[in-house]
Amino acid sequence: MNSVDEILDFAIQREQEAADFYDGLAQRVESAWMKEMLLSFKAEELRHKGKLKSVKKGEQLLSSSQRVQDLKISDYLVDVQPTPDITLQDAMIIAMKREKMAHRLYSDLAAKAQDPQMQELFAGLAKEEARHKLYFEEQYDEQVMRDN
Amino acid sequence: MSLKDFISPFYVWQRAFEKPYTQKRPLQERPGAPRYRGFHVNVTEECVGCGTCESICQNHAIDMVAVEGLEPGPGDSGLRPKFDYGRCCWCALCVDICTTRSLRLSNHYAWITEDPTDFNFVAGNDPMSWNDEPLGYRRDDDYHLLRTERIPMPMLPPEQGLVSFDEVMRGYNEAEAQNEADRCVECGLCVATCPAHMSIPDYIRTIRQGDYEQGLRILYETNPFSATCGRICTHRCEEVCPVGHQGDPLAIRWLKRAIVDRIPRERYREILGDEISENGKRVAIVGAGPGGMSAAYYLRRQGYGVTLFEAQQRAGGMLRYGVPAYRLPDDQLDKDIEYIRSLGVEMRFNTRIGRDVQFSELLDGYDAVFLAIGLNVPSKLRVEGEEHPRVLSGLQVLDDVASGRDPGVGKRVAVIGGGNVAMDAARVSRRLGADVTILYRRRIVDMPADPEEIHEAQAEGCQIVTQAIPVKVKPAPNPEQVSIVWGEAEMVADAKGGRPRPVLQEDRLHEETYDSIVSAIGQGGNLDFIPAEYRDRIEFKWGKFVPGEYQQTALQKLFVGGDIANNTADAISAIEDGHHAARGIHKFLAGELDA
């Protein structure tokens, strides 16, 4: 990946893959409301994809200097498998961990990039993923750990 | 005419050269005394529009009026006092009674205007020159027209409560109830905040009058679980009681109980006068918790045949299996439930939808269906090692105790969570002889549990460790025990203005060993019984129904309510959902409600 467009295409592709992942899981789940829930995750990923497409057309990404809170919830939760009988709690854990992995990927790429423009772009993408992760962590905090 | 008569007018002229007693305004202002009872000032931001000033005014000089730009909200009627200076006598009773001390008098006393309607004004809102005047009359700190201290609720001392499951709160006697009822200012702010919009000032008045039968009738207009709510209601009404601004809010929950405690269950039918005239239509209700039973009551009163499906052996839902007897004795819950059942509700216990009866059978076989299945699936910790056999669920512990089983918590217990389930699991464990530590991720002030429950848990010896995040569960050297690793949390502000959020500090970890770890971090619902052909037509969000008007769903015959369909997840909201759904079902079956 050498150009800004190539990197953005890569990121857009990853968002689409995430949307496909949730869509595929939504088709497999057994419970009535989980499907609804997973489709909302899919919609969230497609919204991110749309955001990146706008960036490709000239809109600004989050600045790499902008701070995004890390609640670290996904850091101490176990990995779970996307099974057809998945619960809301586990689906949210998967979502948090996927965003965390994406954040780490872009952070690593930013660290390895030589070109300052590329560095800034990867760092901006990492911030975007951190923001997505924060969204899911906040929802987990509010919906799953209501009493904690 | 005498000489004196002739000369005396000239003496008057002599006065013309003396200093006059009257004053020339505005050239000569004479300020009022520092505590003069002059024109009214009201600090609009502090006023809650309770209208106590209007009630006490003997001259009817005050009207509570809507003010442009001020919206009603929790604990604020949005109204403000408008004064009529054609009637006011500046007695200042309004200032003395003001619940928030927002109302006072300035020391301004002269007001000249050509328009007499100017003398009707909204103090603090209309732009008067004395609005910022610091001097003038205000109530002294050391006296109140209102009684600011609550009549204490007699309760078992902690050391006595700990050795049994006897009810801790003993209830007001008649004199105590009447004295507490006397504190009510009848503003009605509580009515707007109560999810069921109970007529609180009206039933409190019946206590003052000693007319408990009328009190019971008022309670049942909106709440058929009054013995229960008189004990364990989340009492949000009390949070907005204006008397609480200068002291203790009214003990509204205990007063509700005071009415019900004085009337035996056998007299309910005679007092309430519920006569059932069958209308031939049938409604299925799923879940015999407060939401389902409330709907059953109001539907029966309208003549609907009601069949109630309940997975457990007994009715009550979380009230029976999740609230310990020391807070809500079985006989008091049964007092509410048995009256509803006595109206002719068909109960089908041990019946699970999806297993014993299919969801489609309900929709096909009944004119309408109301689902109030609650939240009964505990959230898991989902940290490493959680599957250890000494990690128990708070709901299971409470269910065991309610069902007469020993939950086997051991002698040293860690309870994780800060809600009512956590507090109850902790207090139950104390009663079973355990030393209890409660680990909570946030601060005590953030706990969703009832503050009184938190206080009682502490009084009974439960130790609360705040800002403690569970990180890992490990086997202990003794296989009958379990260890937990928890980390200290730092609180960060929530960008959306919600509760501050805890963030783990990885370098500050602690490890402790216990006989059991009781997890009570939250609950979810189980909606798996709804088949695919229906699910796509129903709106859900975060695992809960999103009902429309009158609790109706897009499946026209299906109404939903209670914890599985609201965000407050307490008994009084479920009761209101049931009542609301009963009204909706009645309208729907009368053809007055479309999906």
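Residues numbered from 1 in each chain as written. Chains lettered and ligands numbered in written order. Predicted model: local features only at pLDDT ≥ 70, side-chain atom pairs only at ≥ 80, totals over all residues.

**Describing the overall build of chain A**
- For chain A, the count of helices and strands is four helices and zero strands.
- N-terminal to C-terminal, the α/β element order of chain A is α-α-α-α.
- Computed over C-alpha atoms, the radius of gyration of chain A comes to 16 Å, within 12% of the 15 Å expected from 2.2 N^0.38 for 148 residues, which places it in the range of a compact globule.
- Principal-axis analysis of the C-alpha atoms places the extent of chain A at approximately 45 × 30 × 20 Å.
- Out of the 148 residues belonging to chain A, those deemed buried represent 43%.
- In chain A, of all internal contacts separated by at least 6 residues, the share reaching a separation of at least 24 is 68%. (Helix = DSSP H or I, 4+ residues; strand = E, 2+ residues; numbered from the N terminus. Rg over C-alpha atoms; globule rule 2.2 N^0.38 Å. Buried ≥ 20, exposed ≤ 12 C-beta atoms within 10 Å, placed from the backbone. Contact = placed C-beta atoms within 7 Å.)

**So, the overall build of chain B**
- In terms of regular secondary structure, chain B is built from 21 helices and 22 strands.
- Counting across all 595 residues of chain B, residues that qualify as buried make up 46%.
- Intrachain contacts of chain B at a sequence separation of at least 6 include 72% that bridge at least 24 residues.

**Quick notes on the domain arrangement of chain B**
- Considered domain by domain, chain B is made up of domain 1 (31–145), domain 2 (160–270), domain 3 (274–376 + 525–589) and domain 4 (378–523).
- Once you take the C-alpha centre of each, domain 1 of chain B and domain 2 of chain B turn out to be 32 Å apart. (Domains from an automatic or database assignment.)

**A word on the interface of chain B and chain A**
- In this complex, chain B contributes 30 residues to the contact, which on the side of chain A involves 24 residues.
- Within the residue set of the side of chain B that touches chain A, elements represented by two or more residues are helix H18 (420–431) and strand S17 (501–514) of chain B.
- The element best represented in the side of chain B that touches chain A is S17(B), accounting for three residues.
- Each residue belonging to the side of chain B that touches chain A can be placed in one class, and the counts come to 16 nonpolar, seven polar and seven charged. (Nonpolar A, V, L, I, M, F, W, Y, C, P; charged D, E, K, R; others polar.)

**Points about unusual backbone geometry**
Residue and element names in this part refer to chain B.
- Notably, Arg-101 is not glycine yet its phi reads approximately 65°, a positive angle.
- Secondary-structure assignment places Arg-101 in the loop between helix H3 (93–97) and strand S4 (103–105).
- Note on Arg-101: 16 C-beta atoms within 10 Å, which makes it partly exposed.
- Phi at Trp-542 is positive, roughly 50°, even though this residue is not glycine.
- Of note, Trp-542 is situated in the loop between strand S20 (540–541) and strand S21 (544–545).
- Accessibility expressed as a C-beta count within 10 Å gives 17 for Trp-542, which makes it partly exposed.

**A word on the environment of Thr22(B)**
Residues and elements named next belong to chain B.
- Within the secondary structure, Thr-22 sits in the loop between helix H1 (3–15) and strand S1 (40–42).
- Given 6 C-beta atoms within 10 Å, Thr-22 falls into the exposed group.
- Between the C-alpha atom of Thr-22 and that of Glu-186, which follows or precedes it by 164 residues, the distance is 46 Å.

**What to know about the nonpolar core**
- Formed by 179 residues in total, the largest nonpolar core has its most connected members in Ile285(B), Ala296(B), Phe370(B), Val415(B), Ala425(B) and Val518(B).
- Counting residues per element, this core draws most heavily on helix H21 (residues 571–589) of chain B, which supplies eight residues.
- Sequence-distant contacts of Phe370(B), defined by excluding residues within four places in its chain, comprise Val283(B), Ile285(B), Gly292(B), Ala295(B), Phe559(B), Gly561(B), Ala581(B) and Ile585(B).
- Core analysis: the second largest hydrophobic core is formed by 13 residues, Leu52(A), Val55(A), Ala130(A) and Leu134(A) among them. (Core = buried A, V, L, I, M, F, W, Y, C linked by C-beta atoms within 7 Å.)

**Regarding the pairing of strand S7 (residues 305–309) of chain B**
Residue and element names in this part refer to chain B.
- By the bridge criterion, five bridges tie strand S6 (residues 282–286) to S7 in an arrangement that is parallel. Looking at the pairing, Ile-285 lines up with Leu-308 of S7.
- This β-α-β element, S6 to helix H13 (residues 290–301) to S7, shows right-handed connectivity.
- With three bridges connecting them, S7 and strand S8 (residues 346–348) associate as parallel partners. Counterpart to Leu-308 in the pairing with S8 is Met-347. (Pairing = 2+ DSSP bridges. Right-handed = clockwise from strand over helix to strand, strands pointing away.)

**Re the sheet that holds strand S9 (residues 368–371) of chain B**
All names here are of chain B.
- Taken in spatial order, the five strands line up as S8-S7-S6-S9-S22 in an open sheet, and their pairing is parallel. Each of the sheet's edge strands pairs with one partner strand only, and the pair in question is S8 and strand S22 (558–560). If you compare each strand with its neighbour and ignore which way they point, the axes differ by 20° on average. (Axes fitted to C-alpha atoms, helices over the stretch in contact; angles between N-to-C directions.)

**Here's the deal with the sheet that holds strand S5 (residues 120–122) of chain B**
Residue and element names in this part refer to chain B.
- Ordered in space as S2-S3-S5, the three strands form an open sheet in which the pairing is antiparallel. Two strands bound the open sheet, and with one partner strand each, they are strand S2 (62–66) and S5. Averaged over all pairs of adjacent strands, the angle between strand axes in this sheet comes to 35°, irrespective of strand direction.

**Things to note about the environment of Thr234(B)**
Residues and elements named next belong to chain B.
- Assignment of secondary structure puts Thr-234 in the loop between helix H9 (226–232) and helix H10 (236–239).
- With 20 C-beta atoms counted inside 10 Å, the residue Thr-234 sits in the buried group.
- Separated by 51 residues in sequence, Thr-234 and Arg-183 place their C-alpha atoms 21 Å apart.
- Not counting chain neighbours up to four residues away, the residues in contact with Thr-234 comprise Asp-450, Asp-570 and Ile-572.

**Some thoughts on the packing of helix H3 (residues 88–112) of chain A against helix H4 (residues 116–144) of chain A**
All names here are of chain A.
- Running from N to C, H3 and H4 point in directions that differ by 160°, and their axes come no closer than 8 Å. With respect to their mutual orientation, H3 and H4 come out roughly antiparallel. For H3 against H4, the interelement crossing comes out left-handed.
- Looking at side-chain class alone, the contact of H3 with H4 contains 15 nonpolar, six polar and five charged residues. (Parallel < 35°, antiparallel > 145°, perpendicular 65-115°, else oblique. Left-handed = near helix turned anticlockwise from the far one by under 90°.)

**Things to note about the packing of helix H5 (residues 174–181) of chain B against helix H7 (residues 200–209) of chain B**
Residue and element names in this part refer to chain B.
- Two elements in contact, H5 and H7, have axes whose closest approach is 8 Å; the angle formed by their N-to-C orientations is 130°. By the criterion of interaxial angle, the relationship of H5 to H7 is oblique. With respect to the hand of their crossing, H5 and H7 are arranged in left-handed fashion. Contacts from Ala-177, Gln-178 and Ala-181 in H5 reach Ile-204, Ile-207 and Arg-208 in H7.
- Grouping the amino acids of the contact of H5 with H7 by side-chain chemistry returns four nonpolar, one polar and one charged.

**Focus on the pairing of S6(B)**
Residue and element names in this part refer to chain B.
- Counting buried residues in S6 gives four out of five residues, a clear majority hidden from the surface.
- Here S6 runs beside S9; their pairing, made up of four bridges, is parallel. By the bridge assignment, Val-286 is partnered in S9 with Leu-371.

**Here we look at helix H1 (residues 4–28) of chain A**
- For H1(A), which comprises 25 residues, the first-to-last C-alpha distance of 36 Å matches the rise-based estimate of 36 Å (1.5 Å per residue) to within 8%.
- Buried residues of H1(A): Ile7(A), Ala11(A), Arg14(A), Glu15(A), Ala18(A), Ala19(A), Tyr22(A) and Leu25(A), and no others. (Expected span 1.5 Å × (residues − 1).)

**So, H21(B)**
- With 19 residues, H21(B) extends 27 Å between its outermost C-alpha atoms, agreeing within 8% with the 27 Å of an ideal straight helix rising 1.5 Å per residue.
- With 16 of its 19 residues buried, H21(B) lies for the most part within the structure.

**Looking at the confidence of the model for chain A**
- Model confidence for chain A is summarised by a mean pLDDT of 85, while 95% of its residues fall at 70 or above.
- Model confidence for chain A, summarised as mean pLDDT per element, is weakest for helix H2 (residues 32–56) of chain A at 83 and strongest for H3(A) at 89. (pLDDT = per-residue confidence, 0-100.)

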